[in-house]
Amino acid sequence: WQDPSNGPVTDGSKSHKQRNSSNETQRCASVPQSCLNFCRNTDTGSATPKHRVVVPYLDQFRDEYEKLTKGYKNNKIRTTNYTLLNFIPRNLFEQFHRAANLYFLFLVFLNWVPLVEAFQKEITMLPLLAVLTIIAIKDGLEDYRKYKLDKVINHLLTQVYCRKEKKYVECYWKDVKVGNFVKLHCDEVIPADMVLLHSSDPDGICHIETSSLDGETNLKQRQVVKGSVMDCEFEPEKFSSRIQCEMPNSDIGRFKGFLERPHSDKEKIGLNKENLLLRGCVVRNTEAVIGIVVYAGHETKTMLNNSGPRYKRSRLERQLNSDILWCVLLLLTMCLVGAIGHGIWLMHFPEPPIFSIPEPSGAHTPPALAAFYMFWTMIILLQVLIPISLYVSIEIVKLG
């Protein structure tokens, strides 16, 4: 591709550039128009990498493979919210997104202040601890089920080419790496995103079912990369091409890249979504296929479309949060009226009443300060306005 920004050139240099342009046109004759921009971007050598290079997991590429794939994800997945170390702090952080839990926590701390204490300190903690414990048990059970499902998926078996034994061996999904050659048979689930290199179909076609991705049960066709061996058995040791493709993204309907052949003047063969087998799809009506992994684990398009673990909040719970705020406003109004009334009532006594307990110094609390203390005491006394028993009932129902 010529740079249009170049100025006028001499006849000799013009002829030289025309020859280079002709050679590049022949090299990329098999690249579709949709991949031309991608090829230009990869050839300019920008400072920030906008593509990834995939080399086969073979002995001849050992040094280059270790250098390129150092930052690539493995194929192990984890969809759980918590670990054993962060379960308690993270679960408490999520639970205190509830307005009611923050309110009850505030009451617990308030009841530990001696001047406004209305109940025994431990009693005010029991309802909140009950709610937090029930929710934690429920969240822990849900997360444990996710953990067991992840473990089952990570320990599924697939056939991966072993460079030491020079044959395909059974391997766990979690051990599949970028650059591995994976061999699949009919009705097998695809373990990672991989470029289709060989199919037992004479036309180089592979049928897949994508119902796990888009819900469609009709079969879709995927095509072997142009120029790959289709009429005989695929031999991984003879595969010496490199693949350059775009960085991992969540668009399952797009894939751009090219396969570069080293022994044919670096001929570039274009790649698109028709050459990509996505993780989670099922091979149908095809005896056997072989592909090279380009995205694995959480870098696959399937996992990138997964929004990740999140704390579930029902519509009822979100409605309760807004109702709690209105209840708190009502509670503050009632306590403010009660505190002002208490202060006015104390001011009508000509001398300190007999039920007023003096301070250690012998002085009595002024009516204004007594009204301030009464405000916080009434918040504790009227805390039943916020129905913590309702949250306990809801969580018991969810747990059941």
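Predicted model, so just to flag it, every value in this text is computed and none were measured.

## Considering helix H4 (residues 87–95)
Because an α-helix completes one turn every 3.6 residues, residues spaced three or four positions apart along the sequence face the same direction.
Inference 1: Taken together, the buried positions of H4 are occupied by Asn91, Glu94 and Gln95. In a view along the axis of H4, the buried residues occupy a sector of 100 degrees, so they form one face of it.

## Quick notes on the confidence of the model for the protein
Inference 1: Summarising the model, the protein shows a mean pLDDT of 81, and 82% of its residues fall at 70 or more.
Inference 2: Predicted confidence in the protein is weakest over helix H1 (residues 11–27), with a mean pLDDT of 47, and strongest over strand E4 (residues 181–185), with 95.
Inference 3: With pLDDT under 50 throughout, residues 24–31 is counted as low confidence; its partners more than four residues away or in other chains account for 15 contacts.
Inference 4: Scored below 50 in pLDDT, residues 44–48 makes 0 contacts in the model with residues more than four places away or belonging to other chains.

## Some remarks on the pattern of salt bridges
Inference 1: Taken as a whole and judged by the stated rule, the model has 14 salt bridges.
Inference 2: One salt bridge connects lysine 166 with aspartate 59, and the closest N-O pair in it is separated by 3.2 Å. Note that lysine 166 is positioned in the loop between strand E2 (157–162) and strand E3 (167–172) and aspartate 59 in the loop between strand E1 (51–54) and helix H3 (62–68), a separation of 107 residues in sequence.
Inference 3: In this structure, aspartate 187 engages arginine 284 in a salt bridge whose closest nitrogen and oxygen atoms are separated by 2.7 Å. Remark: arginine 284 occurs in strand E12 (residues 282–284) and aspartate 187 occurs in the loop between E4 and strand E5 (193–199); sequence separation between them is 97 residues.
Inference 4: Salt bridges linked by common partners bring Asp59, Arg62, Arg163, Lys166 and Glu237 together as one network.

## Here's the deal with the sheet that holds strand E6 (residues 205–209)
Inference 1: If you walk across this open sheet you meet the 3 strands as E7-E6-E12, and the pairing is antiparallel. Two strands in the sheet have a free side with no partner beyond their single neighbour: strand E7 (220–223) and E12. Neighbour-to-neighbour, the strand axes of this sheet turn through a mean angle of 45 degrees, independent of strand direction.
Inference 2: Relative to E12, E6 runs antiparallel, the two sharing 3 bridges. Across the sheet, residue histidine 207 finds its bridge partner in E12, namely arginine 284.

## Some words on the packing of helix H5 (residues 99–111) against helix H6 (residues 121–154)
Inference 1: Here H5 crosses H6 at 160 degrees, and the two axes come no closer than 9 Å. On the basis of their axis angle, the class for H5 and H6 is roughly antiparallel. The element H5 and its partner H6 pack so that their crossing is left-handed. The residues of H6 that touch H5, namely those facing Asn101, Phe104, Leu105, Val108 and Asn111, are Lys121, Thr124, Met125, Leu128, Val131 and Leu132.
Inference 2: For the contact of H5 with H6, a count of residues per class yields 7 nonpolar, 3 polar and 1 charged.

## Structural notes on a nonpolar patch on the surface
Inference 1: Among the surface-exposed residues, Ile137, Leu141 and Leu399 lie close enough to one another that they form a single nonpolar patch of about 250 Å² accessible area.
Inference 2: Of note, leucine 141 is situated in helix H6.
Inference 3: Note on leucine 141: relative accessible area 44%, which makes it partly exposed.

## Observations concerning the nonpolar core
Inference 1: Judged by nonpolar contacts, the single largest core of 47 residues is most densely connected at Phe181, Val195, Leu197 and Ile243.
Inference 2: Top element by residues in this core is strand E13 (residues 288–295). It accounts for 6 residues.

## Things to note about the environment of asparagine 91
Inference 1: Within the secondary structure layout, asparagine 91 lies in helix H4.
Inference 2: Of the residues examined, asparagine 91 reaches a relative accessible area of 2% and is grouped as buried.
Inference 3: Measuring from C-alpha to C-alpha, the distance between asparagine 91 and isoleucine 135 comes to 8.8 Å, with 44 residues separating the pair along the chain.

What counts and how
- Residues numbered from 1 in each chain as written.
- Predicted model: local features only at pLDDT ≥ 70, side-chain atom pairs only at ≥ 80, totals over all residues.
- Heavy atoms only, no water.
- Buried < 20%, exposed > 50% of the residue type's maximum accessible area, 1.4 Å probe, protein only.
- Helix = DSSP H or I, 4+ residues; strand = E, 2+ residues; numbered from the N terminus.
- Arc of directions from axis to C-beta.
- pLDDT = per-residue confidence, 0-100.
- Contact = heavy atoms within 4.5 Å.
- Salt bridge = Lys/Arg side-chain N within 4 Å of Asp/Glu carboxyl O.
- Pairing = 2+ DSSP bridges.
- Axes fitted to C-alpha atoms, helices over the stretch in contact; angles between N-to-C directions.
- Parallel < 35°, antiparallel > 145°, perpendicular 65-115°, else oblique.
- Left-handed = near helix turned anticlockwise from the far one by under 90°.
- Nonpolar A, V, L, I, M, F, W, Y, C, P; charged D, E, K, R; others polar.
- Patch = residues over 30% accessible without salt bridge, like charges linked within 9 Å, V, L, I, M, F, W, Y side chains within 5 Å.
- Areas by Shrake-Rupley, 256 points an atom, 1.4 Å probe, with all protein chains shown as cover.
- Core = buried A, V, L, I, M, F, W, Y, C linked by side-chain atoms within 4.5 Å.

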